[in-house]
Amino acid sequence: MRIRATVAAVSGALALSVLAVPAAHATGTSGTPYTLDASFSNLKIASAIKVGTTNKVSTTYTYTLTHGSSVDIAASDFYTDAYLYRGSFDAPSKTLEGDGYATCKVVTSTTATCTGTVDIHPGDHELKNADSGSWSVGAEAIAFNGQDQENPDMSKVGFNDHGGMATTLLQRYSKLTANAGPEPVVKGKTLTTTGQLSRANWEDGLYHGYTVQSVKLQFAKAGTSTYSTVKTVTSDSSYGNLKATATAQYDGYWRFSFAGTSTTPAVNSTADYVDVK
């Protein structure tokens, strides 16, 4: 995993977050980086990132890097990337980065298109449930200019960054089940669909019921793929369990549908086919 080294700006009012280098490389802090002639624009990233309990999740971002003619972005000691942060840009409460740096493709002598990933490892318990919701996106670049990265003269190192370039939702992956019955059911009789709405708990690595949430019971007549909402029910306050009744009229598919929230993505259950006699 990479780390972020921090050097104090001359004013003491701002901490510059320099791009990560191996742990042994963050020891030199003499001097202060000069402002690198580089800027960032057109950053694009997924509007939402769904993260479960164990599997690594990688989300691609792209941005345009514009730089002065004296900045050698092809140098082996030039690094740039984008990252997620929460709180203020100058003093974020938390950041999420990629396992590597962005790769930049030259467009003109002073512009490049850079592509990278933000890599999230829920199995390493780097996330708390409170981390779900909106995150901001920033980008940064550093040029070591041939300095010894184990002990650089930071006054000869160029650095620049920019925040508030985009936002994304970091969401706790959701699951939804549905079981309709009896099967078969007599036409005109009551059909009951049960299920559960649950979501990832990033702190214990399990899925727990998402309680007191509105969920739609939906039906699609056999031979069609269009679902209509029959009624809306609420997941219970203990385990996120669901129960909904309806009158059986036609053969078809029953499912639950959850519209999602800022912290939890929308999800449809697998449909359950019921034959009406």
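Above: the structure in question.
Residues numbered from 1 in each chain as written. Predicted model: local features only at pLDDT ≥ 70, side-chain atom pairs only at ≥ 80, totals over all residues. Heavy atoms only, no water.

Participant: I'm lost on the environment of Asn-55 in this one. Help?
Facilitator: In this structure, Asn-55 sits in the loop between strand S5 (48-51) and strand S6 (57-67). The exposure class of Asn-55 is exposed, given its relative accessible area of 59%. In sequence terms Asn-55 and Asp-124 are 69 residues apart; their C-alpha atoms lie 9.9 Å from each other. Discounting chain neighbours no more than four positions away, the residues touching Asn-55 are Ile-120 and Pro-122. (Helix = DSSP H or I, 4+ residues; strand = E, 2+ residues; numbered from the N terminus. Buried < 20%, exposed > 50% of the residue type's maximum accessible area, 1.4 Å probe, protein only. Contact = heavy atoms within 4.5 Å.)

Participant: Help me understand the nonpolar core in this model?
Facilitator: Across soluble globular proteins, nonpolar side chains show a tendency to be buried alongside one another. Core analysis: the biggest nonpolar cluster contains 33 residues, and Leu-43, Tyr-63 and Leu-170 have the highest contact counts within it. If you list the elements that add at least two residues to this core, you get strand S4 (38-45), S5, S6, strand S7 (78-87), strand S10 (111-120), strand S11 (133-143) and strand S12 (158-172). In terms of residues, this core owes the most to one element, S11, which gives five residues. In this structure Leu-170 touches Ile-49, Val-51, Leu-96, Ile-120, Leu-127, Asp-131, Ser-132, Gly-133, Trp-135, Trp-202, Ser-262 and Thr-263, once residues within four positions along its chain are discounted. Within the second largest apolar cluster, 21 residues are counted, among which are Phe-219, Ala-248, Trp-254 and Phe-256. (Core = buried A, V, L, I, M, F, W, Y, C linked by side-chain atoms within 4.5 Å.)

Participant: How do you make sense of the state of the cysteines when you look at a structure like this?
Facilitator: As used in these notes, a disulfide is a covalent bond between sulfur atoms, one from each of two cysteines. As enumerated under the stated definition, the model contains one disulfide in all. In this model Cys-104 forms its disulfide with Cys-114; the gap between the sulfur atoms is 2.1 Å. Residues Cys-104 and Cys-114 are joined by a disulfide whose S-S torsion is about 105°; by sign, that bridge is right-handed. In this pair, Cys-104 sits in strand S9 (residues 103-108) while Cys-114 sits in strand S10, placing the two residues 10 residues apart along the sequence. (Disulfide = S-S within 2.5 Å.)

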